[in-house]
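Listed below are the residues making up each chain.
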Amino acid sequence: MPAISLTRHLIEEQRLGHVTPDLRLLLEVVARACKRISVAVGKGALGDVLGEAGGEAGSINVQGEAQKKLDVISNEILLEANAWGGHLAACASEEMAHCEPIPDAFPRGNYLLVFDPLDGSSNIDINASVGTIFSVLRCPEGTAAVEDAHFLQAGRTQVAAGYCLYGPSTMLVLTIGHGTHAFTLDREQGSFVLTRAHLRIPETTREFAINMSNQRHWEAPTQAYVADLLAGTDGPRGKDFNMRWVAAMVADVHRILTRGGIFIYPWDRKDPSKPGKLRLMYEANPMAMLVEQAGGAATNGRTRILDIEPDSLHQRVPVFLGSRDEVETATGYHLRHDGDAA
Ligand code: AHG
Ligand code: MN
Ligand code: MN
């Protein structure tokens, strides 16, 4: 069997009517940008890519977070690659306060692209895995000038979602609503090759991922759920759980797509003004679509992530995603707590 490239996979999906020619070409452009980011990430200490952006003074993004050089480089690579293709109306990103319409010099398409150009930035300087996360939405019909408001669509309307993991190998994991498929970058050929079609997340698991250092700040039902995991065979769950935390959502979700597990970034009291750490539009939504398309589940502890109606581009949300049974169990703790409180 000859290797199936991303290009061939997408052309076959187009023949099946699963993807329009425009969306197919848009996804090819995103994949090409990810290859360039992979090259930049791979230079490490030999390129001018490590450390903080903005020189001595540093540079802060709209989230109030210090930008790394690779955050800025990756954002620019994605913007530049996507400007001229003619498939997009606008881009939005973690690293930009507002969306950027496609420059007037280029034709405008009917899709919106929103991305986290470099996820897991704290891993850059320690040479650990990082990634890119993206989500494609339809631009509402008849939109003359694209604004942030046009991006505020529930995650279930996404037409495509994916991530690229820059790990020991570079992998693109993609869904267009017909399963979740994984491609590995063949560095000699320069192309993504289909290495796992139709990923399926095991429904049950004995592995969880959460930043335990925040434990004392969690709300009661999150405390109770994790306490029962930690109690292992002696507790109500009757089995031992293992724990992993890469601090790059892309890498943690990739592990879960590969061997199951539950990933949790819950609401916590550290900064009560923030309803979670992760961002709905370019972290939670695309990951939730990928996970659901692989048979898993994704909630904010109460409701399905993909049903949340967004109210702002950089909105934050608690995230519980992965193996279906485990996400349902965790969600149950929160719903029962709410029921008891009422
Ligand atoms: P980003 O680098 O895009 O800001 O995202 C980092 C996110 C996510 O990838 C990861 O799961 C989480 O932050 C790690 O948070 P802690 O440092 O609190 O563990
Ligand atoms: Mn991120
Ligand atoms: Mn980021």
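Everything below is about the structure printed above this text.
Note that the structure is a prediction, hence the values are computed from the model and not measured. (Residues numbered from 1 in each chain as written. Chains lettered and ligands numbered in written order. Predicted model: local features only at pLDDT ≥ 70, side-chain atom pairs only at ≥ 80, totals over all residues. Heavy atoms only, no water.)

Peer 1: Quick question: what am I supposed to make of the sheet that holds strand β5 (residues 160-166) here?
Peer 2: Two pairing modes exist for strands in a sheet, parallel and antiparallel, and in both the strands are linked by backbone hydrogen bonds. Read from one edge to the other, the open sheet built from 8 strands follows the order β2-β1-β3-β4-β5-β6-β7-β8, with strand pairing classed as mixed. Whereas interior strands pair on both sides, the edge strands pair on one side only; in this sheet they are β2 (100-101) and β8 (191-196). Bridge count for strand β6 (residues 170-175) against strand β7 (residues 180-186) is 5 bridges, and the pairing is antiparallel. Each bridged residue has a counterpart across the sheet, and for Leu174 the counterpart in β7 is His181. Running at roughly 155° to strand β3 (residues 111-119), helix α3 (residues 69-83) makes contact with β1 (88-93), β2, β3 and β4 (130-138) of the sheet. (Pairing = 2+ DSSP bridges. Helix = DSSP H or I, 4+ residues; strand = E, 2+ residues; numbered from the N terminus. Contact = heavy atoms within 4.5 Å. Axes fitted to C-alpha atoms, helices over the stretch in contact; angles between N-to-C directions.)

Peer 1: Before we go on, may I ask you to explain helix α1 (residues 6-15) in this structure?
Peer 2: Note that an α-helix has 3.6 residues per turn; residues three or four places apart therefore point the same way. Regarding α1, the residues found buried are Leu6, His9, Leu10 and Glu13. End-on, the buried residues of α1 take up no more than an arc of 95°, which puts them together on one face. (Buried < 20%, exposed > 50% of the residue type's maximum accessible area, 1.4 Å probe, protein only. Arc of directions from axis to C-beta.)

Peer 1: Any chance you could explain unusual backbone geometry here in plain terms?
Peer 2: Most of the time, phi is negative for any residue but glycine, and the peptide bond is trans. Phi at Asn127 is positive, roughly 55°, even though this residue is not glycine. Structurally, Asn127 is set in the loop between β3 and β4. Taking relative accessible area as the criterion, Asn127 reaches 74% and is therefore assigned exposed. The phi dihedral of His198 falls on the positive side, at around 50°, and the residue is not glycine.

Peer 1: Hey, could you run me through the packing of helix α4 (residues 220-231) against helix α7 (residues 324-341) in this one?
Peer 2: If you want to describe how two helices pack, look at the angle between their axes and the distance between the axes. Orientation of α4 relative to α7, taken along the N-to-C sense of each, is 140°, at an axis distance of 8 Å. The pairing of α4 with α7 is recorded here as oblique in orientation. Of the two possible hands of crossing, α4 and α7 adopt the one that is right-handed. Judged by residue contacts, Ala220, Pro221, Thr222, Ala224, Tyr225, Asp228 and Leu229 of α4 engage Glu326, Thr329, Ala330, Tyr333, His334 and His337 from α7. (Parallel < 35°, antiparallel > 145°, perpendicular 65-115°, else oblique. Left-handed = near helix turned anticlockwise from the far one by under 90°.)

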